[in-house]
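Each chain, letter by letter, is given below.
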Amino acid sequence: MGTWGTGIKSNDTSGDIYDDFFKLYNEGKTVKEISEKLITENKELIEDKYDSNNFWFALALCQWESKELETSLFEKVKKIIESKTDLVIWKELDATDADIKEREIELNKFLTKLQTEKKVAKKIVKTKYYNSIFIKGDCFIFKMIDGNYGGAFVLTDEQNTEVGTNFIALTDISKIEKPTLDDFKEANVYVRRETDVNHLFAKFGKIKIEINDIPQIGMVNAIDFKKEKIEFEKIGNLKLYKQYKIGNSYRGIPWNQLLQILPNKENDEKEYGKPKTKIKISKWTKWHWL
C-alpha cells in the first residue's frame, strides 16, 4: 500500500480504484456494473489486510459521488470506521501518532459525508479519443533550430486511443536541402550518450548514474500536437518488415524537442563522448530471410 497522506484517496489503492471507476463511468457503464467488475477484478486487494479498507473506502466514495451508494456498502464502511480497525492497521505500518490522529479525523469526516445525500450525481465526461498523427512507416521532416532539415521515422501507430501515440526514431539526417526517401533508407537512428539510471540498482533502493548510449526513440502524442504549432512534412512511407517492440519503453519526446536534439550533437559529444552504438533505419525496412 503506497500512502502519501491521510485522506481517503491519498494512497495508491484508493486512487487507482477511484480512477478505474470513473473511467468506466464516463464510458457509460452503470454504477452496478462498474462495482461488480471492480470487486471481481480486485479479489487480491480485497483479501489483503492492508489494502482491503482502502478498496471499500474508494468504492463507497465513487458510489456516493454517483448518488448510488448501496446500503450494504455504507454499512460495511461504517463498521470499519467505527471499529477503528483501519487505525490499528496504520499503527502496524508504523504510522506516527500525529498521522493516526489525522487519519481518524479524515475517516470521521468521510463517514459524515456518506451520511449526507449528494445533491447532484457526478457528471459523465465523455472521453475524447485520438488517432496518432502519423502512420507506421511514415518519414517526416522538419526544420531544426540550426536551420537544417531533420527527419524522423515512424515505428508504430494507433487509432482511437486516449492520447494517440506514435513511437518514432529520430534519425541522424541533417541537411540544408529537403531530405528524400533515399536519405531515410540510408539513415541511422540518432544515438546520443546521456546520463542514465541503472534500474538494476534502483530496484534495490540504490541509485547508480551511468553514461550510456541512448537511441533517440520515443513517444510523441496527438493530444499534445496542436499545442506546439510546429510544422512537419511527410515526404513518403517505407514499409516495415520488422515490428518495433515497445516493451517497457515509455520514453517521451516532446514535439518541439525534435528540433533541438541533433543540433546539440557537438556539445553532447564534448561532454559525454561519441556513442559507439549504431542502428540503421533499414533494420525495420529491409526484408530479412529467416
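Up top is the structure these notes are about.
Along each chain, the written sequence defines residue order, and numbers are assigned to residues from 1. Confidence filtering applies because this is a predicted model: local features only for residues at pLDDT of at least 70, side-chain atom pairs given and counted only at 80 or more, and all residues used for totals across whole chains, interfaces and linings. The side-chain numbers reported here are obtained from all heavy atoms of the structure, hydrogens and water having been left aside.

So, unusual backbone geometry
Even without being glycine, Asp94 reaches a positive phi, approximately 65°. Secondary structure follows DSSP: runs of H or I at least 4 residues long count as helices, runs of E at least 2 residues long count as strands, and numbering of each begins at the N terminus. By the secondary structure assignment, Asp94 is in the loop between α6 (85–92) and α7 (97–114). Even without a glycine there, the phi angle at Lys229 is positive, about 55°. Position of Lys229 among the secondary structure elements: in the loop between α10 (222–228) and β7 (233–237).

Considerations on the nonpolar core
Core analysis: the largest hydrophobic core is formed by 32 residues, its most contacted members being Phe21, Trp56, Phe57, Val77 and Phe110. Counting residues per element, the ones that place at least two in this core are α1 (12–26), α2 (31–41), α4 (52–65), α5 (71–83), α6 and α7. Ranked by residue count, the leading element in this core is α4, at nine residues. Setting aside anything within four residues of it in sequence, one finds Val77 in contact with Trp56, Phe57, Ala60, Phe110 and Leu114. For our purposes a nonpolar core is just a set of buried Ala, Val, Leu, Ile, Met, Phe, Trp, Tyr and Cys residues, chained together by side-chain atoms within 4.5 Å. Using a 1.4 Å probe on the protein chains alone, a residue whose accessible area is under 20% of its type maximum counts as buried, one over 50% counts as exposed, and one in between counts as partly exposed. Ranked by size, the runner-up nonpolar core spans 19 residues in total, among them Phe153, Phe167, Ala187 and Val189. Two residues qualify as a contact provided that any one of their heavy atoms is within 4.5 Å of a heavy atom in the partner residue.

As for the side chain of Ser35
Along the polypeptide, Ser35 turns up in helix α2. Among all residues touching Ser35, those that are not within four sequence positions of it are Phe21, Leu59 and Gln63.

Thoughts on the packing of α1 against α4
Think of two packed helices as two axes; the pair is described by the angle between the axes and how far apart they sit. Here, axes are lines fitted to C-alpha atoms. For helices the fit covers the stretch in contact, and angles between N-to-C directions go from 0 to 180 degrees. Two elements in contact, α1 and α4, have axes separated by 8 Å at closest approach and are oriented at 35°. Regarding α1 and α4, the two cross each other, and that crossing is right-handed. Note on element contacts: α4 touches α1 through Asn54, Phe55, Ala58, Leu59, Leu61, Cys62, Gln63 and Glu65, opposite Thr13, Ser14, Ile17, Tyr18, Phe21 and Phe22. Gly falls in the polar group here, along with every residue not listed as nonpolar (Ala, Val, Leu, Ile, Met, Phe, Trp, Tyr, Cys, Pro) or charged (Asp, Glu, Lys, Arg). Along the lines of polarity and charge, the residues of the contact of α1 with α4 split into nine nonpolar, four polar and one charged. Crossing handedness follows the turn of the near helix against the far one: under a right angle anticlockwise gives a left-handed crossing, and clockwise gives a right-handed one.

Things to note about the packing of aromatic side chains
Note on aromatic contacts: the rings of Phe and Tyr and the six-membered ring of Trp form a pair at centre separations within 6.5 Å, being stacked when their planes are under 30 degrees apart, edge-to-face when over 60 apart, and tilted otherwise. Per the counting criterion, the structure on display carries 16 aromatic pairs. Centre to centre, the rings of Phe225 and Trp255 are 4.9 Å apart; their planes meet at 70°, and the pair counts as edge-to-face. Here Phe225 is found in helix α10, whereas its partner Trp255 is found in the loop between β7 and α11 (265–272), with 30 residues between them in sequence. A ring pair is formed by Phe232 and Trp255, whose centres lie 5.2 Å apart and whose planes are at 55°; its orientation type is tilted. With Phe232 in the loop between α10 and β7 and Trp255 in the loop between β7 and α11, this pair connects stretches of sequence that are 23 residues apart.

Re the pairing of strand β2 (residues 149–154)
A large share of β2 lies buried, amounting to six of its six residues. Neither face of β2 is open: one carries Tyr149, Gly151 and Phe153, the other Gly150, Ala152 and Val154, and all of them are buried. Two strands make a pair as long as DSSP finds a minimum of two bridges between them. The antiparallel pairing of strand β1 (residues 138–143) with β2 creates a hairpin that spans five residues between the two strands, and Gly147 there sits at a positive phi of about 95°. Note: β2 against strand β3 (residues 165–170), three bridges, orientation antiparallel. The partner of Ala152 across the bridge, within β3, is Leu170.

Take it as geometry only, folks, not as evidence of what the structure does.
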